[in-house]
Amino acid sequence: MKKINLPNGIDLEFDEDRHKYFRDGREIPGVTKISGIMDETGWMIPWAAKMAGIKAEEILLNVATSKTEIDEVNYKELALEIKNAHKSTSGGAIAFGHAGHGILETFINWKLGRGPKPTFPKNEALRDAVRPFIEWSTEHNPDYISSEEVVYYKGEYAGMEFDYAGTLDVRFNINQGTHCIGDFKTARNNRRGYIWQMALYAMAVEQSYGRKVDKLYLFKLPKDGLKFKVRDVILDDRHRQLAPALAAARSMNYEIDGLIK
């Protein structure tokens, strides 16, 4: 467990392997799972079926060209490969995202004077993914405040206390003092849940540091031939009021789960 001491005196623990947050031994809901409430999930089943189909085509082509032979033993292994095709694809995407985040974290820490200048990765796709943000940084010259910063929020909604935690990719000032938070994304498309995720981060930043967040930035890193995109959203009072309500609803789900089991 990684010990985290927040500036407001709150102590947290972070299980890096399971990506879970704890306070006084109690698991705290994470920002990503809370914001997922607002995402469309209907695409997941067709996507998983597509990945299975691609894997099945690959295996059947190998059978047709005599590169693979199906027998009484290996047919189950091949079927399992098809069944789990979406997991291997997702795992590769997660590894790519983690690698990109790590390089940009090193870059931001270097800009903050907290470590060596990063070297470009050997992987060409990864180089192409991180280079545009570094170029954006050179052009816009943000005043970086932090990278991979753990944030925490505690509130009350409808008489119920709740809290949550998360790790923010980057926080910075830009354009003479505009206070911003940003998140790096490698998924093919932006989703509405990303904005709710950032709004939840913003509420935690404002509570922890007593400073209003002005803008939310989504940095869409290029991948699979897609272009680098920057989306900035002005944070308003609707975000400030509704984002904590999502966290409260997610917290109440634990109580509801206990009632229906």
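One can find the structure itself at the top, above this paragraph.
Everything numeric in this text was worked out from a predicted model, so none of it was measured.

Scanning the protein from N- to C-terminus turns up seven helices and nine strands. A principal-axis box enclosing the C-alpha atoms of the protein has dimensions of 65 × 55 × 35 Å. Counting only contacts in the protein whose residues sit at least 6 apart along the sequence, the fraction spanning at least 24 positions is 60%. Total accessible area on the protein stands at roughly 15300 Å², and carbon and sulfur atoms take up 52% of it. Here the protein holds 37 positive side-chain charges and 37 negative ones, and the gap between their average locations is 3 Å.

Before going further, it helps to examine the sheet that holds strand β8 (residues 215–220). Hydrogen bonds between backbone atoms are what pair the strands of a sheet, whose relative direction is either parallel or antiparallel. If you trace the five strands from one edge of the open sheet to the other, you get β5-β6-β7-β8-β9, paired in mixed fashion. Single-partner strands in this sheet number two, and they are β5 (143–157) and β9 (229–234). For this sheet the average axis-to-axis angle between neighbouring strands, irrespective of direction, equals 35 degrees. Here strand β6 (residues 160–174) pairs with strand β7 (residues 178–185) via five bridges, running antiparallel. Following the sheet pairing, Arg171 is matched in β7 by Ile181. Where helix α7 (residues 237–260) meets the sheet, its contacts fall on β5, β6 and β9, and the angle it forms with β6 comes to roughly 135 degrees.

Let us now look at the nonpolar core. Membership of the largest hydrophobic core comes to 26 residues, with the highest contact counts inside it found for Tyr164 and Ile181. Listed by contribution, the elements that provide at least two residues to this core are α1 (31–35), β5, β6, α6 (192–209), β8 and α7. With ten residues, α6 is the single largest residue contributor to this core. Beyond its immediate chain neighbours, meaning those up to four positions away, Ile181 contacts Leu168, Val170, Arg171, Met198, Tyr201, Ala202, Val205, Val213, Lys215, Leu216 and Tyr217. Core analysis: the second largest hydrophobic core is formed by 20 residues, Ala129, Phe133, Val170 and Phe219 among them.

To continue, consider a nonpolar patch on the surface. Together, Met252, Ile256, Leu259 and Ile260 make up an exposed nonpolar region whose accessible area comes to about 420 Å². Within the secondary structure, Ile256 sits in helix α7.

So, about the packing of aromatic side chains. Enumeration according to the criterion identifies 16 aromatic pairs in this entry. Taken together, the aromatic side chains of Phe107, Trp110, Phe133, Trp136, Tyr144, Phe172, Phe184, Tyr217 and Phe219 make up a single cluster linked through ring pairs. Directly above the ring of Tyr209 sits Arg171, whose terminal nitrogen or CZ lies 4.3 Å from the centroid. One Lys or Arg, Lys185, reaches over the ring of Tyr194 and ends 4.2 Å from the middle of that ring.

What follows is about the pattern of salt bridges. Applying the stated criterion across every chain, the model contains twelve salt bridges. A salt bridge links Lys3 to Glu13, with the nearest nitrogen and oxygen atoms 2.3 Å apart. With Lys3 in strand β1 (residues 2–5) and Glu13 in strand β2 (residues 11–15), this pair connects stretches of sequence that are ten residues apart. Residues Glu149 and Arg171 are paired through a salt bridge, measuring 2.9 Å at the closest nitrogen-oxygen approach. Of this pair, Glu149 sits in strand β5 while Arg171 sits in strand β6, and the two are 22 residues apart along the sequence.

Quick look at the sheet that holds β1 now. Judged by pairing direction, the sheet is antiparallel, and its four strands sit side by side in the order β1-β2-β3-β4 without closing on themselves. With partners counted over all chains shown, the strands left at the sheet margins are β1 and β4 (26–28), one partner each. Strand after strand, the sheet turns through a mean of 35 degrees between neighbouring axes, direction not considered. As paired strands, β2 and strand β3 (residues 20–23) are joined by three bridges and run antiparallel to one another. In the strand pairing of β3, Phe14 is matched with Tyr21.

Let us look at the side chain of Lys20. Within the element layout of this structure, Lys20 appears in strand β3. At 3.3 Å, the side chain of Lys20 forms a polar contact with the side chain of Glu27. In this view, Lys20 contacts Glu13, Phe14, Asp15, Glu27 and Lys33; residues no more than four positions away in its chain are not counted.

Here is what the cut-offs are and how they apply
- Residues numbered from 1 in each chain as written.
- Predicted model: local features only at pLDDT ≥ 70, side-chain atom pairs only at ≥ 80, totals over all residues.
- Heavy atoms only, no water.
- Helix = DSSP H or I, 4+ residues; strand = E, 2+ residues; numbered from the N terminus.
- Contact = heavy atoms within 4.5 Å.
- Areas by Shrake-Rupley, 256 points an atom, 1.4 Å probe, with all protein chains shown as cover.
- Lys, Arg positive; Asp, Glu negative; His and termini not counted.
- Charge placed at Lys NZ, Arg CZ, Asp CG, Glu CD.
- Pairing = 2+ DSSP bridges.
- Axes fitted to C-alpha atoms, helices over the stretch in contact; angles between N-to-C directions.
- Core = buried A, V, L, I, M, F, W, Y, C linked by side-chain atoms within 4.5 Å.
- Buried < 20%, exposed > 50% of the residue type's maximum accessible area, 1.4 Å probe, protein only.
- Patch = residues over 30% accessible without salt bridge, like charges linked within 9 Å, V, L, I, M, F, W, Y side chains within 5 Å.
- Salt bridge = Lys/Arg side-chain N within 4 Å of Asp/Glu carboxyl O.
- Phe/Tyr/Trp six-rings, centres within 6.5 Å; stacked < 30°, edge-to-face > 60°.
- Lys NZ or Arg CZ within 6 Å of the ring centre and 35° of its normal.
- Polar contact = N/O pair within 3.5 Å; in protein donor to acceptor, adjacent residues only side chain to side chain.

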